[in-house]
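Coordinate inspection notes
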Amino acid sequence: MTAVADPRTRQDGLGWVTRAIFGDPRLWLGGPADPVPTTHRPAVRYAVVPSVERARFLLPLVSRRVGAASTLAYNALRPPRVRANRLAVGMLAGLGATGLARMPVLTVAVPTDADPAELLLAEHLGRLAGRRLHAAIGIRPPDPHHKPTLQLFDDRGAARAYAKIGWNDATRAMVRAEAAALRELPRDGGDFPDVPRLLDEVSWGDLAVTLVEPMPARIRRPRHPLRPEVAAMLAVARRGGPAAARRPLRGSAFLADLTARAATAGGPVVGALAALVDRDGDRPVEFGHWHGDWVPWNLGRHRGRLVVWDWENSGADRPLGFDLAHQGFQSALSLAGRDVAGATGDMVELLDRHGPAFGLDPAGRQFVADAYLVELWLRTAELAAGGGGWSAKLHPALLHTLADRLGSPRP
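Let me sum up the structure you'll find in this document. This is a predicted model, so every value here is computed, not measured.

1. As for helix α6 (residues 169–184)
For α6, built from 16 residues, the straight-helix expectation of 22 Å at 1.5 Å per residue is met to within 8% by its first-to-last C-alpha distance of 23 Å. All of the buried residues in α6 are A170, T171, R172, M174, V175, E178, A179, A181 and L182.

Rendered as structure tokens:
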């Protein structure tokens, strides 16, 4: 197997994830060719899948059973190509043969006189749970709102929890918001989707960790992942109840929230919001809740029921149709590779097609689209201010699109 140097100095996804999870300077990280210092002892080993330069996953090498489970769990949710790759890795892990694929090995060692639960998050969470837990760790490119996520398995390879990690101001706020949302969501069935349960909230050093129950083992991707789940969106917006009375935008809690956040963010968004109010301030709007990140990769099906996860961006007092707008924009941006202008066009098309089910006439659909873009810009600015940096996809193109749509000054 190929040796791996301490990856915490890297500037890619492997670097930021290992800095977040194994950030304590007392930990030693290296590969098999690097002798563990005599002051340390190995605590956990990972296969870096598929390579250091293209790292996508840290596969725990504690046992064949755990290694196989960590790659095969929830494979039916993944796109066909990813599913096939994970199946191949899972088979190698189950045979104890990851070395045949020449996957690099990462060793994490702790000082000989240290308690591993003080330095290793999975050890700490296992102690809280009263059982050994082994972490499979996803690797994603650095991004303003990405959070390291641990899939936690017991010795038998059974999934026990997802641990979502807030590592800066922005992501700490997000994982805490998800915990609050999961406590309050209704679980009465009907059109309201099934939702994972909150297991625990943990503070560990400067990390905020939300533990969420694992998804059903037999969960599958939706057959038509880009088709909006209109009934479920409405149930989320109305909390499973009837439609709410419409109220003018001007004087609403929603507008007060946007105004306060725009004042904090400053810059061209203030003018964009003023233009929106000038045009739509007297518009009657039905306000409700939203999931906040309704996209195909946060949805699944189990026993005929829709399952929805990742609720860290949810909130109240949002115009009905925001989840529909978000699905249209983000699916185009992330799945179809559209730029901001193209993603906005796809969002408008989706709103035109399905907006009437939300009670939106043409002017109402235009309002939802533009209000959503303001909301999205404020979220982007807040993530940047929280330490995540600016999203290259959205900054500054989103401000240009808002100016073009609302007739406000360009930055």
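2. Notes on the packing of helix α9 (residues 268–280) against helix α13 (residues 397–406)
At their nearest, the axes of α9 and α13 sit 10 Å apart, and the two run at 30° to each other. Viewed along their axes, α9 and α13 adopt a mutual orientation that is roughly parallel. α9 and α13 meet at a crossing whose hand is left-handed. Facing P268, V269, A272, A275, L276 and R279 of α9, the residues of α13 in contact are L399, L402, R405 and L406. Tallied by class, the residues present in the contact of α9 with α13 amount to eight nonpolar, no polar and two charged.

3. Regarding the pattern of salt bridges
Note on pairing: side chains with opposite charge can pair once their charged atoms come close. Tallied over the full model, the rule gives 30 salt bridges. Here D310 makes a salt bridge to K164, at a shortest N to O gap of 2.2 Å. One end of the pair, D310, is in the loop between β14 (305–308) and β15 (315–319); the other, K164, is in strand β7 (residues 159–166), and 146 residues separate them in sequence. No difference in accessibility class separates D310 from K164, as the two residues are buried. Residue R183 pairs with E201 through a salt bridge whose shortest N-O separation is 2.3 Å. Of this pair, R183 sits in helix α6 while E201 sits in strand β8 (residues 198–204), and the two are 18 residues apart along the sequence.

4. Description of the layout of surface pockets
Considered as a void within the structure, the second largest pocket measures approximately 380 Å³ in volume. Taken together, 22 residues form the lining of the second largest pocket, with A43, V44, E123, L133 and H134 sitting closest to its centre. When residues of the lining of the second largest pocket are traced back to their parent elements, those giving at least two are β2 (40–49), α5 (121–129) and β5 (134–138). Per-element tally for the lining of the second largest pocket: the top contributor is α5, with five residues. Counted by class, the lining of the second largest pocket contains 15 nonpolar, two polar and five charged residues.

5. What about the pairing of strand β3 (residues 57–60)?
Where burial is concerned, the two faces of β3 agree: the one with F57 and L59 and the one with L58 and P60 are both buried. Both β2 and β3 contribute to a ladder of four bridges, which runs antiparallel. Residue pairing across strands places V48 opposite L58, the latter belonging to β3. Note that β3 and β5 share two bridges and pair antiparallel. Following the sheet pairing, L58 is matched in β5 by I137.

6. Brief notes about the side chain of T380
When you line up the elements, T380 lands in helix α12 (residues 362–388). For T380, a relative accessible area of 5% translates into the label buried. Here L376 takes part through its backbone oxygen, which lies 2.8 Å from a polar atom of the side chain of T380. Contact partners of T380, with chain neighbours within four places excluded, come to W390, S391 and L394.

7. Quick word on the sheet that holds strand β1 (residues 28–30)
Strand order in this open sheet of nine strands is β1-β4-β2-β3-β5-β6-β7-β9-β8, and the pairing throughout is antiparallel. Every interior strand has two partners, whereas the edge strands, β1 and β8, have only one. For this sheet, the mean angle separating the axes of adjacent strands, direction not counted, is 25°. Across the sheet, helix α1 (residues 13–21) touches β1, β2, β3, β4 (105–111), β5, β6 (149–153), β7 and β9 (207–212), and the angle it forms with β5 is around 145°.

8. Quick word on empty space enclosed by the protein
Taken as a whole and assessed by the stated rule, the structure comprises one cavity of 30 Å³ or more. When its volume is computed, the largest cavity comes out at roughly 50 Å³. As for the largest cavity, its lining consists of M233, A237, H289, W290, P319, L320, G321, F322, D323, L324 and F358. Sorting the residues of the lining of the largest cavity by element identifies α7 (230–238), β12 (287–290) and α10 (322–335) as the ones contributing at least two each. Here the lining of the largest cavity gets three residues from one element, more than from any other, and that element is α10. A per-class count over the lining of the largest cavity returns eight nonpolar, two polar and one charged.

9. Considering the packing of aromatic side chains
Within this structure, the stated rule accounts for ten aromatic pairs. Geometrically, the ring pair formed by F254 and F322 is edge-to-face, given 5.7 Å between the ring centres and 85° between the ring planes. With a gap of 68 residues between them, F254 in helix α8 (residues 253–265) and F322 in helix α10 connect regions that are remote in the sequence. As far as burial versus exposure is concerned, F254 and F322 are alike and both buried.

What counts, and at which threshold
Residues numbered from 1 in each chain as written. Predicted model: local features only at pLDDT ≥ 70, side-chain atom pairs only at ≥ 80, totals over all residues. Heavy atoms only, no water. Helix = DSSP H or I, 4+ residues; strand = E, 2+ residues; numbered from the N terminus. Expected span 1.5 Å × (residues − 1). Buried < 20%, exposed > 50% of the residue type's maximum accessible area, 1.4 Å probe, protein only. Axes fitted to C-alpha atoms, helices over the stretch in contact; angles between N-to-C directions. Parallel < 35°, antiparallel > 145°, perpendicular 65-115°, else oblique. Left-handed = near helix turned anticlockwise from the far one by under 90°. Contact = heavy atoms within 4.5 Å. Nonpolar A, V, L, I, M, F, W, Y, C, P; charged D, E, K, R; others polar. Salt bridge = Lys/Arg side-chain N within 4 Å of Asp/Glu carboxyl O. 1 Å grid on protein atoms, 1.4 Å probe; cavity = no way out; pocket = protein on both sides within 12 Å on 5 of 7 lines; lining within 4 Å. Points joined across faces, edges and corners; volume = space filled by probe spheres on them. Pairing = 2+ DSSP bridges. Polar contact = N/O pair within 3.5 Å; in protein donor to acceptor, adjacent residues only side chain to side chain. Phe/Tyr/Trp six-rings, centres within 6.5 Å; stacked < 30°, edge-to-face > 60°.

That's the geometry; what it means functionally is another story.
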